[in-house]
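Notes for the structure review
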2 protein chains.
Amino acid sequence: MYRDRIRLPSLMSKVMSAADAAALIEDGMTVGMSGFTRAGEAKAVPHALAERAKLTPLKISLMTGASLGNDLDKQLTESGVLSRRMPFQVDSTLRRAINDGTVMFIDQHLSDTVEQLRNRQIKAVDLAVIECVAITEEGHLVLSTSVGNSASFAILAKQVIVEINLAQPLELEGLHDVYIPSYRPTRLPIPVLEADSRIGSHAVKIDPAKIVGIVISNQPDSPSTVLPPDVETQAIAQHLVEFFKQEVREERLTNTLMPLQAGIGTIANAVMHGLLDSPFHDMTMYSEVLQDSTFDLFDAGKLSFASGSSMTLSASKHAQVFADLDRYKSRLVLRPQEISNHPEVIRRLGIIGINTALEFDLYGNVNSTHVCGTRMMNGIGGSGDFSRNAHLAIFVTKSIAKGGSISSVVPMVSHVDHTEHDVDILVTEQGLADLRGLAPRERARVIIDNCVHPDYQEALNTYFDAACEKGGHTPHLLREALSWHINMEETGRMLPI
Amino acid sequence: MYRDRIRLPSLMSKVMSAADAAALIEDGMTVGMSGFTRAGEAKAVPHALAERAKLTPLKISLMTGASLGNDLDKQLTESGVLSRRMPFQVDSTLRRAINDGTVMFIDQHLSDTVEQLRNRQIKAVDLAVIECVAITEEGHLVLSTSVGNSASFAILAKQVIVEINLAQPLELEGLHDVYIPSYRPTRLPIPVLEADSRIGSHAVKIDPAKIVGIVISNQPDSPSTVLPPDVETQAIAQHLVEFFKQEVREERLTNTLMPLQAGIGTIANAVMHGLLDSPFHDMTMYSEVLQDSTFDLFDAGKLSFASGSSMTLSASKHAQVFADLDRYKSRLVLRPQEISNHPEVIRRLGIIGINTALEFDLYGNVNSTHVCGTRMMNGIGGSGDFSRNAHLAIFVTKSIAKGGSISSVVPMVSHVDHTEHDVDILVTEQGLADLRGLAPRERARVIIDNCVHPDYQEALNTYFDAACEKGGHTPHLLREALSWHINMEETGRMLPI
């Protein structure tokens, strides 16, 4: 059985139930699990672990690539398994536990986690649980729909549990490019010179003696929750397309643009969709997550290559793509998130990075994570990896939220994830602000005039004028700077009606 | 005359007075000048330009490497020459003009400026004014005590004015390593593999036909204004030495440490001095500015190599080092600031980055630039280039300022230059907080217990406890978060006596 999936015969004896595998996880362990943007996460073992903890409580530190699907963070939180969690999550139950201080969450740049692990600056991974489509004749791991941090977790952990997921097709083999930077002080340049550079191996090379359990699962990834484009997100996309056209006219870009990165979610996906109706062609992506829009761009003949760390698709797009995987395979690669998000590569290639802001302020500082400065949404993810070193660091958001009670443009952001040093372009459905080469007072003018919803323009102008009167390179009235957030907390609206 | 300094005979005809050279600068031009941390700036032409503007007003955008010496920013500000200034400055007169909105200041990561120029994302340099020790037989430029952005300014400008400074010894020739990254989309890895890698040329290769004027000057760099170590800075150094020893015991570092970077200024210099009395040896530096401490470490046999972008020394250290330059030369290199500060190289080498904070908050966010969130001090400089990609991102500051009326640790920083994602270690004379792998609530505990001055500990504990009661991943009371800065603005003290 599963000869095509477990090709090293000596490993057949390691096949066990998910419950038996979960029993190998001990209280207090640091566990590294596969999974990135709800793709390719280990599914059976974490579920069994949550079940086990209902009877016998235990706590672990859980590291992943990024977010998990199949409600696993919910189940693990509800069973009280998580004492610590890093570096990213999107689950509402876990989010509550993070915000009430029950789970310690370490919100990291996605390229950083395994660097810190390798340097032993954070607690070592005791055990890795990795979803695979197969184990090779050499005992190496063929990953599934994400690479994430799986390769380094498996390499650095003392013990590895493999989930062979029969719901993930064997055709995924060959899609991955597993490259691990050499150790300092003799580290070499990462040899990615173009989006389509292949620099590593198809499988994760580990000593098969470390494999302590193999679990057979058969459960698909959760489908993407991305919503279709709406009027506002289409307007954002349109503003960006016009901006790119202008960059081409001024010979700062060509019609092939530069390698594109788009953050996960509805707005970034809509922006990428907007490129379907554009003069741009032979585009490439050097991104984290490949979403529906990536494959729509392939199908439209617009995209020539896409590099990512995972594929997260809607149910219908998944059915279409996986029915025809071989057609896309030569134009796709999945890399470790350390490489998909590596500052060295991003700076070299000159990425156009498009990420979603929760809010931004008059001066271009961006909050990606904290509602009213305190409550974590998801995490910074890769947005910092990309924006710091991008050719163009673009942040997008709708200008208002909650029916207009919230303005996404505020006097001062309540939390900073991206400083004005790292932000080039801001876009809302209202318009686009090009901040390149501008001083703070100039940035404020451009942002108010182009990005702010009309309902909030006058209030921001009033604030800005009064702040300028008071003076300073970055003028602020400290007594009012956070007043919109305070109003929001206290009345549910940023400004009185 | 000056045959050893101007070795391409056809250029002798370009020798002119500083006033004549300054007359080549036109109203509205963007001018790129040499100079980094008050070292190697063009001296005669900007002075003549300031004099000229007293009679005939004109405005320019001025770009440099970093700060200028010899009161040049002061003179240019007082003469009303500066409409825009980037990417860094340290002059009190210019600072006032920036803060009152007279001069538009663009505060940038020091590695970013020429990348944006090369990509034509900011206004092109019309004319470059570059201090040199010599022009070669090929008409190439041999720079003086800094490289900064000089090479790219000279390469990208339409016209170049050279200042040959006779006060800068010819022995500086050979010290520089000029490397310009290749253009995208075919950029190659930057081949710096160790601190002492030499990857470029000794001189800046330009078409000598672009040289429109040569001015002979004879004026030394301004001496460093760094103060000697005091009790507090020595305590900071001691905490760091103890921390490094602990890292060695835990086998995360060896006794040669990893390449060191230290920001400019008194505290960073004192920290480097602290390494004189330490078990560490065969250390290297991969930094921006080489200060007195670098040469003290050489003389003590502690340092084997130092890479920087400039040398900024006190008068006495300058006399000693320049009397004996050949003895140091094989262990020194000066690089373009794009390379000394390049994210790719910093991440590859695993730098220990030590920079000064103006203030930091409970959760490890750092303000490097803005007093009370509004008034610019100097600029972010290279601190972001290093901290984002360092092996260890360390920020140092004294725990109080202005005789205790200011705490350097506050509930919420009034401006963010470095987010908690990018800060590993915080040090004051009180102690050291190791934030690696900690969630925000854990960071706050470690920071309050280790870094805060006793006079402010109770108030921060009270704030933190109340904020935690309210909840959130990063607990804050928005009504009180900036109250210490508001008190400071209104009463001159962060807390009532």
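What counts and what doesn't
Residues numbered from 1 in each chain as written. Chains lettered and ligands numbered in written order. Predicted model: local features only at pLDDT ≥ 70, side-chain atom pairs only at ≥ 80, totals over all residues. Heavy atoms only, no water. Domains from an automatic or database assignment. Contact = heavy atoms within 4.5 Å. Buried area = accessible area lost by both parts, 1.4 Å probe. Helix = DSSP H or I, 4+ residues; strand = E, 2+ residues; numbered from the N terminus. UniProt positions renumbered as here; feature names shortened; annotations may be inferred. Disulfide = S-S within 2.5 Å. Buried < 20%, exposed > 50% of the residue type's maximum accessible area, 1.4 Å probe, protein only.

Residue and element names in this part refer to chain A. Domain boundaries assigned for chain A yield domain 1 (9–217) and domain 2 (231–491). Of note, the centres of domain 1 and domain 2, computed from C-alpha atoms alone, are 29 Å apart. Contacts between domain 1 and domain 2 engage 48 residues on the former and 43 residues on the latter. Interface area lost by domain 1 to domain 2 is led by L175, I190 and A195, which between them contribute 18%.

Our focus in this paragraph is unusual backbone geometry. Trans peptide bonds make up the majority, and among non-glycine residues the majority have a negative phi. Residues and elements named next belong to chain B. Going from M86 to P87, the amide bond is cis rather than trans, its omega being -5 degrees. Take P87: it is sitting in the loop between β3 (82–86) and α4 (92–99). Look at the link from R184 to P185: it is a cis peptide, with omega at 5 degrees. Unlike most non-glycine residues, R38 shows phi in positive territory, near 60 degrees. Tracing the backbone through its elements, the reader meets R38 in the loop between β1 (30–33) and α2 (44–55). Positive phi, normally seen in glycine, also occurs at E251, with a value near 60 degrees. As for its placement among the helices and strands, E251 is situated in the loop between α7 (231–249) and β9 (260–262).

This part is about the UniProt feature "domain: Acetyl-CoA hydrolase/transferase N-terminal" (unreviewed entry) in chain A. According to UniProt, the positions carrying the feature "domain: Acetyl-CoA hydrolase/transferase N-terminal" (unreviewed entry) are residues 13–215 of chain A. Span residues 13–215 of chain A is 22% helix and 19% strand, its end C-alpha atoms 11 Å apart.

Glancing now at the state of the cysteines. Applying the stated criterion to the full structure yields zero disulfides over all chains. The cysteine B:C468 is free of any disulfide, with A:C372 supplying the nearest cysteine sulfur at 17 Å.

Time to look at the environment of B:R335. Residue and element names in this part refer to chain B. Along the chain, R335 turns up in the loop between β14 (332–334) and α12 (337–340). Owing to a relative accessible area of 0%, R335 belongs among the buried residues under this scheme. Separated by 135 residues in the primary sequence, R335 and G200 have C-alpha atoms spaced 9.0 Å apart.

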